[in-house]
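# A look at the structure
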Amino acid sequence: MDGWILITNSGLSKGVPRSRMAQFQEEMRQQLEASMDTELERLLSMSEGADVEVSRKNFEGFKKLFHRFLQEKGPSVNWAKINRPPEDSIQPYDKIKAKGLPDNVAAMLDKLAVVKLNGGLGTSMGCKGPKSLISVRNENTFLDLTVQQIEHLNKTYNTNVPLVLMNSFNTDEDTKKILQKYTHHRVKIHTFNQSRYPRINKESLLPVATDLGMMGENAEAWYPPGHGDTYASFYNSGLLERLILEGKEYIFVSNIDNLGATVDLHILHHLVNQPNGKRCEFVMEVTDKTRADVKGGTLIQYDGKLRLLEIAQVPKAHVDEFKSVSKFKIFNTNNLWISLAAIKRLQERSAMDMEIIVNPKTLDGGLNVVQLETAVGAAIKCFDNALGINVPRSRFLPVKTTSDLLLVMSNLYSLEAGSLTMSQKREFPTTPHIKLGSSFTKVQEYLTRFESIPDVLELDHLTVSGDVTFGKHVSLKGTVIIIANHGDRIDIPAGAMLENKIVSGNLRILDH
C-alpha cells in the first residue's frame, strides 16, 4: 500500500499517495522543460545569421543542465558513502620528481598544449575588461607572464607548445585585440569561446532575456557557465580535434590568475611515460590545506572512483566537518593535466558527468536569478586511472584580491622568464597572510596608497583597516596590525620599520 503525505492548501488538508505525488512532480518538471524549450526557440526565432547556430549549440548544453537541475534535489552526495582516497591515488610530488627527466625533453613537450581559463573580468578588483590584462608585476599582465613562460620553454627546448585561451563573451573581444602584440613571440596562440547560457528567473524558472542581444535590458541576461564548460566548448570549437591531429596528447589547464601554474616537466614526464594499459587520463594537482583554504574542493573516494567534493555539495550538517583541516587535508588547485583523446571519447559518448553548481545572483534591478554552472575538476570521476599529485604550495599563487596582488608585487618573489620564484632570503617557505581593508579593494586606489611596495621578507601577518598610506621603503616584519579608526588617517612614514607592532587610530605605536 502507498505511503501517504499531507499537503496543506488554504487551510484544507488531504492525504495524497506518494506515487501520485511523484507523478505530479514529474508532470511539473516536464511542463517546466517544455516551457523552457518554447522560450529558447522563441529567442532563436528572433535572430538570424551565425549567432543563431552558435546559440542553438549553446542551448543544447544548457537544456541538459536545466533537465538535471529539475531532477536533482538537495546535496548531490551521500555523506555516509564518502571515503578517504586510497594511498596510491594521491602521489607526493617528490616521488614524481625523483624519477628525473628524460634526455629528450622536447619530444615530451611536443605532446603538450597549455590551456588557460580566461573568462573572468577584473570587476572584483575595480578594473574594466579581462582580468588577464591587469598589471601584476613590473607592468606585466597575467597574459604577458603566461606568454613569457611558454616562449621560454619553446626557446629552451626548441619545441612548439601552443597556448590556448578559453575566453568568455565578456573577454573575447578585448583579448583578441591584445593578442596582436605577441605576433613575433615564439608562441602559437589559439582561442575558443566558452558557452553563453541564459540566466533564469528564480520564480518562473524561465530566461530573463528578451532576445539574443546583449545590450540594454539584456546586458545582464547571459552568463558564462563556469569552467566545467571547457570540455564541450573545446570539442565544439574543432580545436581539440586539430590539436590531436598535430600530435598533442595532453593539455595542462589552469586559471590564468594563478601565477604558480607553470608547466611542470616532472608531472608531464610521469604522464607520457606510462604503460599503455594503465595510462593516466587525468591528474589534479592538490596541495596541503591551511586555515585560509577551508572552502576549497577536496578529493574523496566515492562509489569506487576518485571524485572532487566541493563545499556546495556538502549537506549543511557536515559543512564544519568538510572545513576541518584534520579530516580533509588537501584541496584542489585547479591545475589539471588531461588526455585529449579521453576528452574526445567522453564528449562523443555524452559521458562527461559533472555536478551542477546552482549560483544565485541578484541583478542590478533587484531581480533574483539563478545560474547553472559546472566545475572543470568535477569531471575527474569520468576519466580512467585518475590521479591526484600533492604539489608544493608554490604552485598555487592565485591573485583574487589586492591583498594577493601585494604579495606578488613584493620582494618576496623574483621574476624570471615569466615565472615567480620565492626569494631565497625568506626563512620559511610559507607565504605571509595579508588582509587589506576595503580602502584597498580597487587596484587604482590600492596603488595610490603605496609609494613603493613594502619589504615583506620577514612578514608573517599583515592586517590593514581604514585610511592608511605607506611611504617609500617601509619594512614589515612578524605580525603587523594597522587600524585607522573612522575619520582618522594613518601615514606610515618613508623608511619606517614595523616589527610585531599594532598601529592604532591615534598613531601610537604599541608593542604587540
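Conventions we followed
Residues numbered from 1 in each chain as written. Predicted model: local features only at pLDDT ≥ 70, side-chain atom pairs only at ≥ 80, totals over all residues. Heavy atoms only, no water. Pairing = 2+ DSSP bridges. Helix = DSSP H or I, 4+ residues; strand = E, 2+ residues; numbered from the N terminus. Contact = heavy atoms within 4.5 Å. Axes fitted to C-alpha atoms, helices over the stretch in contact; angles between N-to-C directions. Buried < 20%, exposed > 50% of the residue type's maximum accessible area, 1.4 Å probe, protein only. Right-handed = clockwise from strand over helix to strand, strands pointing away. pLDDT = per-residue confidence, 0-100. Core = buried A, V, L, I, M, F, W, Y, C linked by side-chain atoms within 4.5 Å. Salt bridge = Lys/Arg side-chain N within 4 Å of Asp/Glu carboxyl O. 1 Å grid on protein atoms, 1.4 Å probe; cavity = no way out; pocket = protein on both sides within 12 Å on 5 of 7 lines; lining within 4 Å. Points joined across faces, edges and corners; volume = space filled by probe spheres on them.

## Remarks on the sheet that holds strand β17 (residues 357-362)
Ordered in space as β10-β18-β17, the three strands form an open sheet in which the pairing is antiparallel. Edge positions in the sheet fall to β10 (200-201) and β17, since each has one partner strand and no second. Inspection of the sheet shows β17 paired to strand β18 (residues 368-373) by six bridges, in the antiparallel sense. Across the sheet, Ile357 pairs through a bridge with Glu373, a residue of β18. Set on the sheet, helix α2 (residues 50-71) makes contact with β10, β17 and β18; between it and β18 the angle comes to about 110 degrees.

## A closer look at the pairing of strand β22 (residues 433-436)
By the alternation rule, side chains of β22 split into Ile434 and Leu436, which are all buried, and His433 and Lys435, of which none is buried. The pairing of β22 with strand β23 (residues 455-465) spans four bridges and is classified as parallel. Of the residues in β23, the one forming a bridge with Ile434 is Leu462. In this region the chain leaves β22, passes through helix α13 (residues 443-448) and returns to the parallel neighbour β23; the handedness of that crossover is left-handed.

## Notes on the confidence of the model for the protein
Mean pLDDT over the protein works out to 90, with 94% of the residues at or above the 70 mark. Across residues 1-13 the pLDDT falls below 50, and counting only partners more than four positions away or on other chains, this stretch makes 22 contacts in the model. Overall, residues 507-512 carries pLDDT values under 50, and its contacts beyond four positions in sequence, including any with other chains, amount to 16 contacts.

## With respect to the environment of Lys63
Structurally, Lys63 can be placed in helix α2. Given a relative accessible area of 23%, Lys63 falls into the partly exposed group. Separated by 70 residues in sequence, Lys63 and Leu133 place their C-alpha atoms 33 Å apart. Ignoring sequence-local partners within four residues, the contact set of Lys63 consists of Asp37 and Leu40.

## Re the nonpolar core
If you look at the biggest cluster of nonpolar residues, it comprises 72 residues, and the most contacted ones within it are Leu112 and Phe470. Setting aside residues no more than four positions away along its own chain, Phe470 makes contact with Phe440, Arg449, Phe450, Glu451, Pro454, Val464, Leu476, Ile482 and Ile492. Among the nonpolar cores identified, the runner-up in size contains 36 residues, and Ile90, Val115, Leu306 and Cys382 belong to it.

## Some points on the sheet that holds strand β3 (residues 90-92)
Hydrogen bonds between backbone atoms are what pair the strands of a sheet, whose relative direction is either parallel or antiparallel. Pairing in this open sheet of eight strands is mixed, and the strands run β3-β19-β13-β16-β12-β4-β7-β8 from one edge to the other. Every other strand in the sheet has two partners, leaving β3 and β8 (189-193) as the edge strands with one partner each. Between one strand and the next, the sheet's axes are offset by a mean angle of 25 degrees, whatever the strand orientation. Looking at chain direction, strand β4 (residues 112-118) and strand β12 (residues 250-255) are connected through six bridges and run parallel. Across the sheet, Val114 pairs through a bridge with Phe252, a residue of β12. Each of β4, β7 (163-167) and β8 touches helix α5 (residues 142-157); the most contacted strand, β7, lies at about 155 degrees to it.

## With respect to the pattern of salt bridges
In the structure shown here, the tally under the stated rule is 26 salt bridges. Where Glu281 meets Arg345, a salt bridge forms, and the shortest distance between an N and an O atom there is 2.8 Å. Pair noted here: Glu281 is in the loop between α9 (265-272) and β13 (282-288) and Arg345 is in helix α11 (residues 340-348), with a separation of 64 residues, a long-range link. Judged by relative accessible area, which is 10%, Glu281 ranks as buried.

## Notes on unusual backbone geometry
Located in the positive-phi region is Ala417, a residue other than glycine, with phi close to 50 degrees. Tracing the chain through its elements places Ala417 in the loop between β20 (413-416) and β21 (419-422). A residue is classified by how much of its surface remains accessible, and Ala417, at 30% relative accessible area, is partly exposed.

## A short note on the environment of Pro207
Here Pro207 is to be found in the loop between β10 and β11 (222-223). Judged by relative accessible area, which is 10%, Pro207 ranks as buried. In this structure the C-alpha to C-alpha distance between Pro207 and Leu43, which are 164 residues apart in sequence, comes to 9.5 Å. Among residues more than four places away in sequence, those in contact with Pro207 are Met36, Glu39, Leu40, Leu43, Pro198, Arg199 and Ile200.

## Examining the layout of surface pockets
Approximately 1100 Å³ is the volume found for the second largest pocket. Looking at the second largest pocket, it is lined by 37 residues, and the ones nearest its centre are Ser195, Tyr197, Asp229, Ala232 and Asn236. Every element with two or more residues in the lining of the second largest pocket is listed here: α2, α7 (230-236) and α11. Among the elements that make up the lining of the second largest pocket, the one with the highest residue count is α2 (11 residues).

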